[in-house]
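# Observations on chain architecture
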Amino acid sequence: GAVVSQHPSWVICKSGTSVKIECRSLDFQATTMFWYRQFPKQSLMLMATSNEGSKATYEQGVEKDKFLINHASLTLSTLTVTSAHPEDSSFYICRAGLALDYEQYFGPGTRLTVT
Amino acid sequence: AQKVTQAQTEISVVEKEDVTLDCVYETRDTTYYLFWYKQPPSGELVFLIRRNSFDEQNEISGRYSWNFQKSTSSFNFTITASQVVDSAVYFCALMTGTASKLTFGTGTRLQVTL
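In this report, we go over the structure that sits alongside the text. The model shown is predicted, which means the values in this text are computed figures rather than measured ones. (Residues numbered from 1 in each chain as written. Chains lettered and ligands numbered in written order. Predicted model: local features only at pLDDT ≥ 70, side-chain atom pairs only at ≥ 80, totals over all residues. Heavy atoms only, no water.)

## A short note on the packing of aromatic side chains
Residues and elements named next belong to chain B. Taken as a whole and judged by the stated rule, the model has 19 aromatic pairs over all chains. Ring geometry for tyrosine 25 and phenylalanine 68: centres 6.3 Å apart, planes at 50°, overall tilted. Pair noted here: tyrosine 25 is in strand β4 (residues 24–26) and phenylalanine 68 is in strand β8 (residues 64–69), with a separation of 43 residues, a long-range link. Both residues of the pair, tyrosine 25 and phenylalanine 68, count as buried. Ring plane angle 75° and centroid distance 5.7 Å describe the contact between phenylalanine 68 and phenylalanine 75, whose orientation is recorded as edge-to-face. The same class applies to phenylalanine 68 as to phenylalanine 75, namely buried. (Phe/Tyr/Trp six-rings, centres within 6.5 Å; stacked < 30°, edge-to-face > 60°. Helix = DSSP H or I, 4+ residues; strand = E, 2+ residues; numbered from the N terminus. Buried < 20%, exposed > 50% of the residue type's maximum accessible area, 1.4 Å probe, protein only.)

## Observations concerning the interface of chain A and chain B
Listed as interface residues are 20 residues of chain A and, on the opposing side, 21 residues of chain B. A buried area of about 1600 Å², summed over both sides, lies between chain A and chain B, and 56% of it is on carbon and sulfur atoms. Where chain A meets chain B, there are one salt bridge. Close ionic contact of glutamate 59 of chain A with lysine 101 of chain B constitutes a salt bridge, the shortest N to O distance being 2.9 Å. The tally of links between chain A and chain B comes to three residue pairs in polar contact (both at pLDDT 80 or more). Breaking the side of chain A that touches chain B down by element, the ones donating at least two residues are β4 (32–38), β9 (90–97) and β10 (104–106) of chain A. Grouping the constituent residues of the side of chain A that touches chain B by class yields ten nonpolar, four polar and six charged. (Contact = heavy atoms within 4.5 Å. Buried area = accessible area lost by both parts, 1.4 Å probe. Salt bridge = Lys/Arg side-chain N within 4 Å of Asp/Glu carboxyl O. Polar contact = N/O pair within 3.5 Å; in protein donor to acceptor, adjacent residues only side chain to side chain. Nonpolar A, V, L, I, M, F, W, Y, C, P; charged D, E, K, R; others polar.)

## Overview of the pattern of salt bridges
Counted under the stated rule, the structure contains six salt bridges over all chains. For glutamate 22 of chain A, the salt bridge goes to arginine 24 of chain A, with nearest N and O atoms at 3.5 Å. Among the residues examined, glutamate 22 of chain A registers a relative accessible area of 24% and is labelled partly exposed. Its relative accessible area of 33% is what places arginine 24 of chain A among the partly exposed residues. Connected via shared salt-bridge partners are Arg51, Asp55 and Glu59 of chain B.

This is the structure:
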């Protein structure tokens with residue numbers, strides 16, 4: 001199956017700093033990428049949907065100025081957590097796929113800890 | 001709006017027991033896809049199965065089997081002769097519409113002990 005990578009796999013940052021997480025589709029071109037957040041012992045919650053070359057669509061309650069999403073190419077999407085706070089500590093997972101296609105592939109996730 | 005309910009928060013079984021994880025979904029769409037994923041402690045989601053709304057055939061893959069019943073909007077997952085390596089969180093998910101949004105249930109944590 002298709003491979004999606006995320007980098008870094010884990011990151012620790014200080015409160016107030018920004019951190020960027022990359023999601024890459026390694027062997028296919030992903031027209032759509034989705035970003036999820038998962039708090040400990042909870043389910044995956046969709047944060048935003050991004051289509052290559054256009055602005056991301058954020059789910060209700062997700063601050064678009066805090067979670068900046070860029071999908072500049074068909075193989076790369078980035079999530080930047082700006083001015084991170086301890087409550088942003090979570091597991092972030094991306095999903096990549098083709099529009100209107102049920103085939104979707106998840107990245108391995110990035111564990112963010114904000115101290 | 002779509003919704004996925006996994007009523008079992010945690011299940012604990014002894015190795016070799018059979019266990020069934022329940023999943024009930026809600027959608028008004030006639031075309032949709034149902035998924036099961038396994039999430040081991042590492043966090044990476046492992047795809048187990050995808051089923052579309054027009055295919056109600058049950059499926060068996062090794063020790064895993066799935067029972068899809070549209071009449072009750074359920075897509076249950078059974079592990080036969082469970083093993084310690086099956087210990088993980090299992091998520092049922094629903095995809096509908098053209099936006100390919102995937103809605104997850106709250107997950108069931110399965111603990112298999114010796």
